Amino acid sequence: MYPDQNQNPNQQQYSIDYLNEIAPQQPKSGMSNKLFLFVVGGGLLLAIAVGLMLLTSGGGGPKEQMQTLAARLQGLQTIASDSQKTIKSGELRSTNSNLSILLANANRDIAEPLLNNGVDVKKMDKAIITKESGEELKKTLEDARLNAVFDRTYAREMAYQLDTIAALMGDIHENTKSKSLKEFLINTDKNLQPIKKQFTDFNAANG
């Protein structure tokens, strides 16, 4: 009798299954690799496109903030000058006169630092200039004049406007490396704070 004749059939089957399991797997179709590369490549292209859009959009960027600050200072100076004749309180009129002078100086002094950072105050975005012209504030003040509450309304509104300017200057200060612009922001804020306090104190006493 030959030795192979007594071999268990299950043992032979087991050996074949075992060999199949440990045998190297045949490479599958290359479509999965191509699909993976396509997905990864598409994702990278999308990320690059989004990054470029954010860089070029300028939404809330430093240059837009600089233009907003310049336009807001100009608009506020116009309102302060036009309101001087309507103010009745001698104390408030004096405070407003000082504000007008400070804003005039700020609008003069800001031109060079902004130009050094690529912003020409004579060629600013018209949409920003319109937005910061203070039309809503003018309406509020006109209503206050008609209702004989101009002084305290003016003091309250100007204190608020100076707060927004201070906050904007703080944001620009954090995002710029320009020495000349930082100096302008620090000095202007230092000059604005006492005037803002005078408006706040006047409103508190007459509100």
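Residues numbered from 1 in each chain as written. Predicted model: local features only at pLDDT ≥ 70, side-chain atom pairs only at ≥ 80, totals over all residues. Heavy atoms only, no water.

J.: So what about the layout of surface pockets? Which residues, and what values?
T.: In this structure, the largest pocket occupies an estimated 260 Å³ of space. Together, 15 residues line the largest pocket, and K131, G134, E135, L137 and Q161 are the ones closest to its centre. For the lining of the largest pocket, the secondary structure elements donating two or more residues are α3 (62–83), α6 (126–131), α7 (135–146) and α8 (150–175). Among the residues forming the lining of the largest pocket, the class breakdown is three nonpolar, six polar and six charged. Volume-wise, the second largest pocket comes out at about 160 Å³. Around the second largest pocket, the lining residues are I79, D82, S83, K85, T86, K138, L141, E142, R145 and F150. Sorting the residues of the lining of the second largest pocket by element identifies α3 and α7 as the ones contributing at least two each. At four residues, the largest contribution of residues to the lining of the second largest pocket is made by α7. Of the residues in the lining of the second largest pocket, the class split is three nonpolar, two polar and five charged. (1 Å grid on protein atoms, 1.4 Å probe; cavity = no way out; pocket = protein on both sides within 12 Å on 5 of 7 lines; lining within 4 Å. Points joined across faces, edges and corners; volume = space filled by probe spheres on them. Helix = DSSP H or I, 4+ residues; strand = E, 2+ residues; numbered from the N terminus. Nonpolar A, V, L, I, M, F, W, Y, C, P; charged D, E, K, R; others polar.)

J.: Before we move on, can you summarise the nonpolar core with the specific residues and values?
T.: Core analysis: the biggest nonpolar cluster contains 38 residues, and L69, L99, Y154 and F199 have the highest contact counts within it. Of all the elements in the fold, those that place two or more residues in this core are α3, α4 (90–109), α7, α8 and α9 (179–206). If you tally residues by element for this core, the top one is α8, at ten residues. When residues no more than four places from it in sequence are discounted, the contact partners of Y154 are I79, A80, S83, I87, L92, N96, L141 and F199. (Core = buried A, V, L, I, M, F, W, Y, C linked by side-chain atoms within 4.5 Å. Buried < 20%, exposed > 50% of the residue type's maximum accessible area, 1.4 Å probe, protein only. Contact = heavy atoms within 4.5 Å.)

J.: Tell me about the side chain of Q67, and please be specific about residues and values.
T.: For Q67, the position within the fold is in helix α3. Q67 gets classed as buried once you look at its relative accessible area, which sits at 15%. Each residue touching Q67, except ones within four places of it in the same chain, is listed here: V119, M124, D125 and I128.

Any link to function would need more than the numbers given here.
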